[in-house]
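Remarks on the overall topology
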Protein chains: 2
Amino acid sequence: MDNDRPIINALRTKGYRATAQRIAISRSALTNRAHPSARQIYNEVRGAHPTVSLATVYKTLQVLRELNLVQELSFPDEEARFDPYMRPHLNLICQRCRKAIDVEDKAAREVVNAASKARFNVTGLRIDVYGICQKCGRRA
Amino acid sequence: MDNDRPIINALRTKGYRATAQRIAISRSALTNRAHPSARQIYNEVRGAHPTVSLATVYKTLQVLRELNLVQELSFPDEEARFDPYMRPHLNLICQRCRKAIDVEDKAAREVVNAASKARFNVTGLRIDVYGICQKCGRRA
DNA sequence: ATGCTTGCAAATCCTTTGCATAGTC
DNA sequence: GACTATGCAAAGGATTTGCAAGCAT
């Protein structure tokens with residue numbers, strides 16, 4: 001895939017080698033906007049790379065984290081999920097269907113501003129809103 | 001302690017028994033504003049209850065979660081931390097000293113409003129701002 | 001060629017669970 | 001007294017690690 005160029009370059013800037021597994025895992029992680037878990041990415045990638053291991057998926061996700069291409073979201077009682085949307089945003093996470101959607105809203109930036117006002121030097125952000133999404137609420 | 005009355009009542013409303021351990025653990029968890037981990041609470045409580053077990057601490061924290069008295073915050077590569085501040089707020093979490101402080105700011109409510117606007121029925125909220133606190137920044 | 005990466009399996013760490021005993025209501 | 005909670009040890013589950021063999025550069 002020719003669109004793998006940016007991934008390959010990003011990996012190489014920090015000295016990481018662009019292996020087929022890393023490219024496939026990165027493609028999956030950076031493309032999937034449903035906040036997948038490592039295991040879900042693993043299952044996706046296995047289609048094209050049947051021999052890939054879950055360990056490699058975890059290792060690659062750590063690399064992507066280091067490259068600031070994904071954020072890891074940990075939850076109580078659940079696997080961690082990975083979000084490739086790196087601009088300030090809200091995660092709307094439905095308690096019923098478990099789906100998560102990213103919403104860009106000025107409220108996100110106001111959170112950053114509020115922290116800055118408190119003389120806090122902001123480097124990262126996580127805004128989760130939990131509840132019931134429109135679709136699930138409808139068929140309550 | 002006479003101020004344990006509210007804790008005792010809260011436990012009983014849902015049919016939980018007010019044992020000495022639960023009261024001590026609850027007191028610690030609801031009082032400590034540093035977002036302690038289960039182990040830190042355990043260590044605090046051991047002063048007064050040397051025989052308490054970590055398992056009981058975990059179990060009690062789940063009870064407090066069910067009673068909506070604390071929120072559990074999971075992190076990658078770290079133990080979960082517990083926050084008894086249940087109104088909408090920002091967690092400013094210092095990457096250097098690991099301290100976390102709660103900040104009430106209207107930005108928190110704007111996040112809720114933004115979610116509501118997206119037809120999302122809000123039941124919970126977590127806003128983490130990561131960075132370097134004033135104290136740590138000063139001695140950079 | 002050199003050295004990073006993979007995949008497997010074993011290890012780790014946090015958290016939960018099972019169960020006999022002790023305590024609450 | 002009936003039933004829940006405790007404390008211990010063992011289990012569980014997600015994630016990480018060690019290592020020999022396989023690739024990228």
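The structure displayed is predicted, hence computed values, not measured ones.

1. A look at the packing of helix α2 (residues 20-31) of chain A against helix α4 (residues 54-66) of chain A
Two quantities define a packed helix pair, namely the angle between the axes and the distance from one axis to the other. All names here are of chain A. In the contact formed by α2 and α4, the axes pass within 10 Å of each other and the chain directions differ by 65°. Taken together, the axes of α2 and α4 are roughly perpendicular relative to one another. For the pair α2 and α4, the sense of crossing is right-handed. Within the contact between the two elements, α2 uses Q21, R22, I25, S26 and A29 and α4 uses T56, V57, T60, L61 and L64. Of the residues in the contact of α2 with α4, the class split is five nonpolar, four polar and one charged.

2. As for the interface of chain A and chain B
Counting residues at the interface gives 36 residues for chain A, matched by 36 residues for chain B. Summing both partners gives a buried area of about 3000 Å² for chain A against chain B, and 59% of it is carried by carbon and sulfur. Area buried by chain A at its contact with chain B is led by A:F120, A:R126 and A:Y130, which between them contribute 20% of it. Seen at the junction of chain A and chain B, the total is four salt bridges. The salt bridge partner of B:D105 is A:K117, with a shortest N-O separation of 3.9 Å. On the surface where chain A and chain B come into contact, there are ten residue pairs in polar contact (both at pLDDT 80 or more). In terms of residue count, strand β5 (residues 121-132) of chain A provides more of the side of chain A that touches chain B than any other element does, twelve residues in total. Note that β5(A) and strand β5 (residues 121-132) of chain B share eleven bridges and pair antiparallel. Its bridge partner lying in β5(B), A:I127 is registered against B:I127.

3. What about the relation of the copies chain A and chain B?
Relative to chain B, chain A is turned by 180° and slid 0.0 Å along the rotation axis, the superposed coordinates differing by an RMSD of 0.1 Å. Overall, the copies show the geometry of a two-fold rotation axis. Looking at the rotation axis and the C-alpha trace of chain A, the residue lying nearest is A:I127, at 2.2 Å. A shared binding surface is used by both copies, with 100% of the interface residues of chain A retained as interface residues in chain B.

Rules of the game
- Residues numbered from 1 in each chain as written.
- Chains lettered and ligands numbered in written order.
- Predicted model: local features only at pLDDT ≥ 70, side-chain atom pairs only at ≥ 80, totals over all residues.
- Heavy atoms only, no water.
- Axes fitted to C-alpha atoms, helices over the stretch in contact; angles between N-to-C directions.
- Helix = DSSP H or I, 4+ residues; strand = E, 2+ residues; numbered from the N terminus.
- Parallel < 35°, antiparallel > 145°, perpendicular 65-115°, else oblique.
- Left-handed = near helix turned anticlockwise from the far one by under 90°.
- Contact = heavy atoms within 4.5 Å.
- Nonpolar A, V, L, I, M, F, W, Y, C, P; charged D, E, K, R; others polar.
- Buried area = accessible area lost by both parts, 1.4 Å probe.
- Salt bridge = Lys/Arg side-chain N within 4 Å of Asp/Glu carboxyl O.
- Polar contact = N/O pair within 3.5 Å; in protein donor to acceptor, adjacent residues only side chain to side chain.
- Pairing = 2+ DSSP bridges.
- Least-squares fit on C-alpha atoms with pLDDT ≥ 70 in both.

Function cannot be inferred from these measures alone, as they are strictly geometric.
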